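What follows is each chain in one-letter form.
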Amino acid sequence: MKLLLAFFRLYPRRTAIMLICLLFAGVAEGVGLTTVLPLLSVALGQEHDTDGFSARVIEIMNSIGLPTTIGVILSIIVIGMTLKSALVLLANRQVGYAVARVATDLRLELIQSLLSSRWEHYLRQPAGSIANSVATEATRAATGYQYCATVISLAIQVVVYVVVAMMISWQATLASLALGLFMSVGLYQLVAAARRAGKQQTRLMRDILSRLTDTLASVKPLKAMARYDVADTLLRRQTRRLNRAMERQVMAREAMKAFQEPIMTLFIAVGLYLALEVWGQSLPSVMVMVFLLARVVMQLNQLQRRYQQMQTQESAYWALKDVVHAARANAEPAGGDRLPTLEREIAFRDVRFHYGEHTILGQTDLVIPAGTFVTIVGPSGAGKTTLLDLLCMLLEPTQGNVHIDGIPTSEIDRIAWRKMIGYVPQETLLLHDSVLANVTLGDPSLTEEDAERALRQAEAWDFVSNMANGMHDSVGERGNRLSGGQRQRIVIARALAHQPRLLILDEATSALDPAAEASISKTLRGLSNQLTIVAVSHQPALVQAADIVYRLEQGQLARVEKQAADNTPV
Ligand SMILES: Nc1ncnc2c1ncn2[C@@H]1O[C@H](COP(=O)(O)OP(=O)(O)OP(=O)(O)O)[C@@H](O)[C@H]1O
C-alpha cells in the first residue's frame, strides 16, 4: 500500500476519482445483490414466510412504494449491475490515464533530475542502467499502479459481498472469512517470494543493460580482438540469473493459483455445511450465500494474485525513485542570477581543484583575454579536461574562483553562461540521425542556413554536400557511415552552429589529417576575432594557431612560448 500512497500523493485527483468511482460501483453492486434473495423468495412463492434479511428488503421496498414483483426486483438488479459497470469503466479510465502519465512522468523526472545533477554524480551513472530505468522500470512501475488499482477495486467488491453475506448469515460469513484469512496468511510466503523475484529482476535487468550498452559501444575492438566471447559469457551468465528469477516469479504465481483452488473449495464446502446442517438456513438463503461466497472466494483469489503481481512490479518504482532521489540530492547548486558577458576576460584566480585526495590543479592563475585563441598543452592525465570542465561550470573549484569579466562564476546564471559556449569533446559521439540533426541537435531556433555556415566553418561542407541527400543524409549508428575525421568536423560544426562566444576544443582535431587540421586551425584563427577559443591539444597546428600557449603539468600551469610547446614532448 506504500505504492498507493506514493501514487495518491503524485496524482491526488485521479486517484481520488478512481477510489470514489470504485466505492460507488461497490454500493451499486451491493444494492443489486441485496435484491437477489427477495427475488428467490418471490420466485419460490415464499415472500410471506421469509426469514430475516429477505423480509427486511421486502419491507424496505414496500415502504418506498416499490412493488415486490419479479419484474421490479430484476430491474433493480440490472440497474445496480449496469451502474456498477459504468462506474468501474469510469474508474478504469482514470487508471488508464494515470498509468500512461505515471510512465511518462517517471521518465521525464528521471531524465531531468539526472541532467541537472552534478557532473561528478552523472559520470557515476551507467548509461545502460539509465536506459533500463527509462524503458523497463518506468513501464513496470506504471503497471504496478494498475495492479494497485485492481487490488483496491477487488478489495471494495469483497467488502460489498461480505457485507451482504453478513446480513444473510453472519456466522457462515465469519467462518468463511476466518478460513480465507488463514489461507491468505498461509500463501503469503508465495507473495513474498514473488516480491523477492521482482527485486532481483530489477537489479539484474539494470546490470544486463549496463553491460550490453558498454559492449555495444566497444563492439569493434571486441570483435577485432575476438574478445566478444568474454562479454558474451558475462551477458549469458546474467541472463541465466535473470531467467532463474523469472522462473521463481512464475513458480510463485502458479503455485498460488494451484493452492488457491482446493483451499477455496474447502472454504465454500465448510460455509455450506455450517449454513445447511448447523444453522439450518432456508434454501433461498443458502443459494444466495453460495453465490456470494463463491464470488468472495473468486475475488479474494484474484486480489491475492494481483497483489502478488503488484509486489513484483513495485521494486521497479522504488528503484527508479532511488535514482531520482540520489540525483536530486546531488543537484547542481542553484548558482547566481547575473547574466554573463564575455567582453574582457576569463580569469582563474587562485583556483585549486582536487578529486578526493588527488590534487589536479594546484594554485592556478590564468587569464584568457576575450577574443584570443588560447591552447593548453600537457601530458595525459595532467588535468586539462578538468580545467575545461571548470570553465563550463561542470565542476566547481575546491578553492578560489573563476571570473568572467570580473564576476565570479558562483554569481553567474549557469545556464546563460553555458548557452554562450560551443564545446567540442574528445569523443565524437554522433546521434543516429541526419547531419542536420547532428549539427542543430534539434534546436528549433537553428536553421539549415546556420547548419551550412557551421559546416563550412568546420571544413565539412565539401563532403556533406557530396552525400546523396546532403545534410539530410543519415550519419549511421554513432556516425559509422563517416570517417573519424569527418565525424570530428560534424562535431565542430555542432559547436559553431549557435554562434557561441566561447569555443572550447578538447583534443578536437586529433582524428584529422595534417591538411584538414591546418585548414580548420586557419578557420578557427579567423574566427578568433569574433569569439574566444580555448583548445586543449597535442597537435602542432592548434599550438601554432594560438595567441597564447599554456602548459599544464603536475598541477602547475605555466605560459610557454609556442616554439617551446612544440618542442617539448607532451
Ligand atoms: N570523475 C573523476 N573522478 C576522479 N578522478 C578523475 C575524474 N575525472 C578525471 N579524474 C582524474 O583526474 C586527472 C586529470 O584528468 P583529465 O581528464 O583532466 O586529464 P587530461 O589532462 O585531460 O588527460 P588526457 O590528455 O589524457 O585527456 C586524471 O588523473 C584522472 O584520472
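What you are looking at is a predicted structure, and each value in this text was computed from that prediction instead of being measured.

K.L.:
Go over the environment of Thr386, please, and point to the residues and values.
P.N.:
Here Thr386 shows up in helix H12 (residues 384-391). Relative accessible area serves as the criterion here: at 10%, Thr386 is assigned to the buried category. The sequence separation of Thr386 and Leu361 amounts to 25 residues, and the corresponding C-alpha distance is 8.5 Å. Contacts of Thr386, omitting those with residues within four sequence positions, involve Phe353, Tyr355, Ile360 and Leu395.

K.L.:
Can you explain the pattern of salt bridges? Please cite residues and give values.
P.N.:
In the structure shown here, the tally under the stated rule is twelve salt bridges. The residue Glu332 makes a salt bridge to Arg418 at a minimum N-O spacing of 2.7 Å. Of this pair, Glu332 sits in the loop between helix H11 (283-329) and strand E1 (345-355) while Arg418 sits in helix H13 (residues 414-419); the two residues are 86 residues apart in sequence, bridging distant segments of the chain. Taking the relative accessible area as the measure of exposure, Arg418 reaches 23% and is therefore partly exposed. For Arg349, the salt bridge is made with Glu345, and the minimal N-O distance between the two is 3.4 Å. Among the charged side chains, a salt-bridge network with shared partners connects Glu109, Lys321 and Arg328.

K.L.:
Which residues make up the UniProt feature "transmembrane region" (unreviewed entry) in the protein, and what values do they have?
P.N.:
Mapped onto this numbering, the UniProt entry gives "transmembrane region" (unreviewed entry) at residues 70-91, 147-168 and 174-194. Measuring from the first to the last C-alpha atom of residues 147-168 gives 31 Å, for a span that is 100% helix and 0% strand.

K.L.:
Could you give an account of a positive patch on the surface, with specific residues and numbers?
P.N.:
On the surface, Arg196, Arg203, Arg211, Arg237, Arg240, Arg241, Arg244 and Arg248 cluster together into a positively charged patch. Looking at the positive patch, the elements that each hand over two or more residues are helix H8 (170-217) and helix H10 (228-278). Per-element accounting of the positive patch gives the leading share, five residues, to H10. Overall, the relative accessible area of 34% leaves Arg241 in the partly exposed class.

K.L.:
Describe in detail the site of the ligand, supporting the description with residues and values.
P.N.:
Close contacts around the ligand come from 13 residues, with Ser380, Gly381, Lys384, Thr385 and Thr386 the closest. One nitrogen or oxygen atom from the main chain of Ala382 is found 3.1 Å from an oxygen atom belonging to the ligand. Here Thr386 contributes a side-chain N or O atom positioned 2.5 Å from an oxygen atom of the ligand. Relative to its unbound accessible area of 630 Å², the ligand is 64% covered by the protein chains. Among the elements of the structure, strand E2 (358-369) and H12 are those that each provide at least two residues to the shell around the ligand. Element by element, the count of residues in the shell around the ligand is highest for H12, at three residues. Considered class by class, the residues forming the shell around the ligand number five nonpolar, seven polar and one charged.

K.L.:
Can you tell me about the sheet that holds strand E8 (residues 532-536), naming the residues and giving the values?
P.N.:
An order of E6-E7-E8-E3-E9-E10 is seen for the six strands of this open sheet, with the pairing classed as mixed. Looking at strand neighbours, the two that pair on one side only are strand E6 (421-424) and strand E10 (556-560), the edges of this open sheet. This sheet shows a mean twist of 20 degrees between the axes of neighbouring strands, independent of strand direction. Most of the contacts of H12 go to strand E7 (residues 502-506), to which it runs at about 155 degrees, and overall it touches strand E3 (373-377), E6, E7, E8, strand E9 (548-553) and E10. Sheet strands touched by helix H17 (residues 484-497): E6 and E7. Its angle to E6, the strand with the most contacts, is close to 170 degrees.

K.L.:
For the environment of Asp214, give the residues involved together with the corresponding values.
P.N.:
The residue Asp214 is located in helix H8 in this model. We classify Asp214 as partly exposed; its relative accessible area is 49%. As a C-alpha pair, Asp214 and Ile76 span 138 residues in sequence and 64 Å in three-dimensional space.

K.L.:
I'd like a rundown of unusual backbone geometry, residues and numbers included.
P.N.:
Even without being glycine, Asp350 reaches a positive phi, approximately 50 degrees. Assignment of secondary structure puts Asp350 in strand E1. Judged by relative accessible area, Asp350 falls into the partly exposed class, the value being 27%.

K.L.:
Can you tell me about the nonpolar core, naming the residues and giving the values?
P.N.:
If you look at the biggest cluster of nonpolar residues, it comprises 43 residues, and the most contacted ones within it are Val435, Val439, Leu455, Val464, Ile490, Leu503 and Leu524. Sort the elements by how many residues they give to this core and H17 lands first, with seven residues. Excluding residues that lie within four positions of it along the chain, Val435 makes contacts with Leu455, Val464, Met467, Met471, Asp473, Val475 and Ile490.

K.L.:
Please provide a residue-by-residue account of the sheet that holds E2, values included.
P.N.:
Working definition: the strands of a sheet are paired by backbone hydrogen bonds and lie parallel or antiparallel to each other. Spatially, four strands are ordered E2-E1-E4-E5 in an open sheet, and the strand pairing comes out antiparallel. Each edge of the sheet is formed by a strand with only one pairing partner; in this case those strands are E2 and strand E5 (407-408). Bridge analysis of E1 against E2 gives eight bridges, and the strand direction is antiparallel. Its bridge partner being in E2, Glu345 is matched across the sheet by Pro369.

K.L.:
Lay out the pairing of strand E4 (residues 399-404) in plain terms, naming residues and giving numbers.
P.N.:
Summarising the sheet, E1 and E4 pair through five bridges and their orientation is antiparallel. When the bridges of E4 are listed, Arg349 appears paired with Asn401. Sheet analysis places E4 next to E5, joined by two bridges and oriented antiparallel. Following the sheet pairing, Ile404 is matched in E5 by Ile407.

K.L.:
Hey, could you go over the layout of surface pockets for me, with residue numbers and the actual values?
P.N.:
In this structure, the largest pocket encloses a volume near 2300 Å³. Looking at the largest pocket, it is lined by 46 residues, and the ones nearest its centre are Leu115, Trp119, Tyr122, Pro425 and Arg494. With four residues, H17 is the single largest residue contributor to the lining of the largest pocket. Two domains each donate at least three residues to the lining of the largest pocket, and these are domain 1 (2-329) and domain 2 (345-567).

Rules used in this analysis
Residues numbered from 1 in each chain as written. Predicted model: local features only at pLDDT ≥ 70, side-chain atom pairs only at ≥ 80, totals over all residues. Heavy atoms only, no water. Helix = DSSP H or I, 4+ residues; strand = E, 2+ residues; numbered from the N terminus. Buried < 20%, exposed > 50% of the residue type's maximum accessible area, 1.4 Å probe, protein only. Contact = heavy atoms within 4.5 Å. Salt bridge = Lys/Arg side-chain N within 4 Å of Asp/Glu carboxyl O. UniProt positions renumbered as here; feature names shortened; annotations may be inferred. Patch = residues over 30% accessible without salt bridge, like charges linked within 9 Å, V, L, I, M, F, W, Y side chains within 5 Å. Areas by Shrake-Rupley, 256 points an atom, 1.4 Å probe, with all protein chains shown as cover. Lys, Arg positive; Asp, Glu negative; His and termini not counted. Charge placed at Lys NZ, Arg CZ, Asp CG, Glu CD. Near = heavy atom within 4 Å. Polar contact = N/O pair within 3.5 Å; in protein donor to acceptor, adjacent residues only side chain to side chain. Nonpolar A, V, L, I, M, F, W, Y, C, P; charged D, E, K, R; others polar. Pairing = 2+ DSSP bridges. Axes fitted to C-alpha atoms, helices over the stretch in contact; angles between N-to-C directions. Core = buried A, V, L, I, M, F, W, Y, C linked by side-chain atoms within 4.5 Å. 1 Å grid on protein atoms, 1.4 Å probe; cavity = no way out; pocket = protein on both sides within 12 Å on 5 of 7 lines; lining within 4 Å. Points joined across faces, edges and corners; volume = space filled by probe spheres on them. Domains from an automatic or database assignment.

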